[in-house]
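The primary structure of each chain is shown beneath.
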Amino acid sequence: MIASTKRRLQDLLLPKNPTRADDHSRGAERNRRAALTGGAATLARVVQIGTSLVTVPLTLKYLGNERFGLWMTISSVLAMATFADFGVGNGVLNTVAKAFGKDDIQGVRKAVSSGFAVLSTIAILLLLSFFTAYRCVNWADFFRVTSPQARGEAGPALAVFAVCFALNIFMDVVQRVQLGLQQGYRYGLWQLCGSAAGFIGVLGGIWLHVSLPVLVIAIAGAPVFATTLNAIHFFGFVRPDLRPCRDLVSRNAISEIARLGGLFFLLQIVCAVGFSADNFIIARMLGAVNVPDYSIPQRMFALIAGMSSMLVAPLWPAYGEAISRGDIPWARKTLGRSMRLVLVVTSVASGALFLLSHKLIYWWVGSRIHPPFLLLLGLAIWTIVTCCGDALGMFLNGASLIRVQVIVGPIFTIACIATKILLIHRYGVTGVPWATILSYVGAVAIPYVFYVPRAISRLSDSAEKRLAPINL
């Protein structure tokens, strides 16, 4: 009688642990959603690249060298997109995924509303800062354009782009929420529609002989419009229960989002310095004339890394949801599988590109670039290493293990820059990828070999304690 009563109390007080069948079903659903999101993102990227290949020569012919250069210079601000939200978007993603893994719908709603409030505040402050400085700067002189038409369009084109840029930050919450709920394929499909709309807008603008600011609206405004439609559709019809609401803005949620966002922001800065300073270092040490010998083949191999990153990125929220739910075996198994798959696929792709690189470079830019054998080999190996690192990074991000990355990151960056300076001085541009490989292996890969298994073990112990029955 006492034993029976004890069992009944346990059944009432504790949520039932998921069975192996439940775990398998959820794991299969995570894999399915990750595959959908990765496929949609890849398709959207292919369409974006394809439309760029068509529109660039058309707009160059239509605008002329100076106005086209002005457009490209203004568009380069997009490179700052990863920093403009100060990491808040990634904080929203992790917070939503964590609450989703606990089946805490109220927590998801608070994260959505709080993230929307923070991102909208950032967008408004950026716009106010821009327009405060807008009247104080002669943008035609700033961009050093000389023709009357380009001088008249410089300021308005930048203003239009700034508004689109701020609106993109403002609406970014829908993408982060969809990724956190493992529904990123929705955003990928809307992004594809935005690219197609931008392509049509540019063709129509050229046909109607519109000004540069109107072309900026077409190319930069179309994705924002698509994201807005995505938000209306998602929060209005798919998940109206998650619609942002001022009453759901929570100090605790904002604090959690800001804490994670701050760590992601630091990590983004460190990675940008470590990975993006190559051309600057080469130009300073060897002269700008030597930069194309490195940057042209590097861009080719970067395509492999970019495609790989898009395919593994959907695992980030999947890891977060699984770990929050206590399904550590799925996370461990998926990490191993993704690392092996990325290793095999990128090895084949990098090897093929390495063998065909000279022919591809000749087809692309002619006979002006002759990269050395060891430079191409180093870029191929680094591509494999960085893709595997991205696969591991998705697990670390999903598990909210950001502090270790913030610690390891600066060590890698300092070692990487120092080693690049040393090897460039000795071997020229050939030393750049090898310096990156050596620094990454020493400062990142070796520490992670010891850290990651222990982190997984701690996550397993924590999940077992959380799911263990209470002794009455």
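The structure presented is a predicted model; accordingly, all values stated were derived computationally and were not measured. For every chain, the first residue of the written sequence is number 1, and numbering continues from 1 along that sequence. Thresholds applied to this predicted model are a pLDDT of at least 70 for local features of residues and 80 or more for the giving and counting of side-chain atom pairs; totals over whole chains, interfaces and linings are not thresholded and use all residues. The basis for every side-chain value is the complete set of non-hydrogen atoms in the structure, without hydrogens or water.

Undergrad: Before we move on, can you summarise the environment of Val163 with the specific residues and values?
TA: Take Val163: it is sitting in helix 7 (residues 148–180). Relative accessibility under 20% of the residue-type maximum defines a buried residue, over 50% an exposed one, and the middle range a partly exposed one, all with a 1.4 Å probe and only protein chains included. Judged by relative accessible area, Val163 falls into the partly exposed class, the value being 31%. Here a strand is any run of E in DSSP of at least two residues, a helix any run of H or I of at least four, and the numbering for each starts at the N terminus.

Undergrad: Pulling in residues and values, what's your account of the nonpolar core?
TA: Only buried residues count toward a nonpolar core, which is a set of Ala, Val, Leu, Ile, Met, Phe, Trp, Tyr and Cys residues joined through side-chain atoms within 4.5 Å. Membership of the largest hydrophobic core comes to 53 residues, with the highest contact counts inside it found for Val108, Phe143, Val177, Leu181 and Val216. Secondary structure elements with two or more residues in this core: helix 2 (20–75), helix 4 (88–101), helix 5 (105–134), helix 6 (139–143), helix 7, helix 8 (184–208) and helix 9 (212–238). Here this core gets 16 residues from one element, more than from any other, and that element is helix 7. Not counting chain neighbours up to four residues away, the residues in contact with Val108 comprise Val96, Ala99, Phe100, Leu181 and Leu242. Within the second largest apolar cluster, 44 residues are counted, among which are Ala34, Trp316, Trp382 and Ile456. Throughout, a residue-residue contact means that at least one pair of heavy atoms, one from each residue, lies within 4.5 Å.

Undergrad: Describe the packing of aromatic side chains, naming the residues involved and giving the relevant values.
TA: How two aromatic rings sit relative to each other is set out by the distance from centre to centre and by the angle between their planes. To pair, rings of Phe, Tyr and Trp, with the six-membered ring standing in for Trp, must have centres within 6.5 Å; the planes then decide the type, stacked if under 30 degrees apart, edge-to-face if over 60, and tilted in the middle. One pass over the structure, following the stated rule, counts 18 aromatic pairs. Here the aromatic cluster, defined as three or more aromatic residues joined through ring pairs, consists of Phe130, Phe131, Tyr134, Trp139, Phe142 and Phe143. The lysine or arginine in question, Arg30, covers the ring of Trp330, its NZ or CZ lying 4.8 Å from the ring centre. As a reminder, the over-ring test applies to NZ of lysine and CZ of arginine, requiring each to be within 6 Å of the ring centre and within 35 degrees of the ring normal.

Undergrad: Lay out a nonpolar patch on the surface in plain terms, naming residues and giving numbers.
TA: Where nonpolar side chains cluster on the molecular surface, the patch consists of Leu341, Leu343, Val344, Val345 and Val348 and spans about 470 Å² of accessible area. Position of Val344 among the secondary structure elements: in helix 14 (residues 328–365). By relative accessible area, Val344 is classed as exposed at 52%. Only residues whose relative accessible area exceeds 30% and that form no salt bridge enter a patch; like-charged residues are grouped when within 9 Å of one another, and nonpolar side chains (Val, Leu, Ile, Met, Phe, Trp, Tyr) when within 5 Å. Only the protein chains shown count as cover for residues, and all accessible areas are computed by the Shrake-Rupley method using a 1.4 Å probe. Criterion for a salt bridge: a side-chain nitrogen of Lys or Arg within 4 Å of a carboxyl oxygen of Asp or Glu.

Undergrad: Break down the packing of helix 7 against helix 9 for me, with residues and values.
TA: Note on geometry: axes are C-alpha line fits, over the in-contact stretch for helices, and angles between N-to-C directions span 0 to 180 degrees. Here helix 7 crosses helix 9 at 20 degrees, and the two axes come no closer than 9 Å. Our classification of the angle between helix 7 and helix 9 gives roughly parallel. Here the hand of the crossing between helix 7 and helix 9 comes out left-handed. Polar here means any residue other than Ala, Val, Leu, Ile, Met, Phe, Trp, Tyr, Cys and Pro, which are nonpolar, and Asp, Glu, Lys and Arg, which are charged; Gly is therefore polar. Residues of the contact of helix 7 with helix 9, tallied by class, amount to 18 nonpolar, six polar and one charged. Note on terminology: angles under 35 degrees are roughly parallel, angles over 145 are roughly antiparallel, angles of 65 to 115 are roughly perpendicular, and the others are oblique. Each crossing is labelled by how the near helix is turned from the far one, with a counterclockwise turn of less than a right angle marking it left-handed and a clockwise turn marking it right-handed.

Undergrad: Describe helix 9, naming the residues involved and giving the relevant values.
TA: Relative to the 39 Å expected for 27 residues at 1.5 Å per residue, helix 9 spans 37 Å between its end C-alpha atoms, a close match to the ideal helical length. At Gly221, helix 9 shows its maximal kink, close to 45 degrees; a proline, Pro223, follows between one and four residues later. Expected helix span is computed as 1.5 Å times (number of residues minus one). Bend is the name given here to the angle between axes fitted to two runs of seven residues, the run ending at a residue and the run starting at it.

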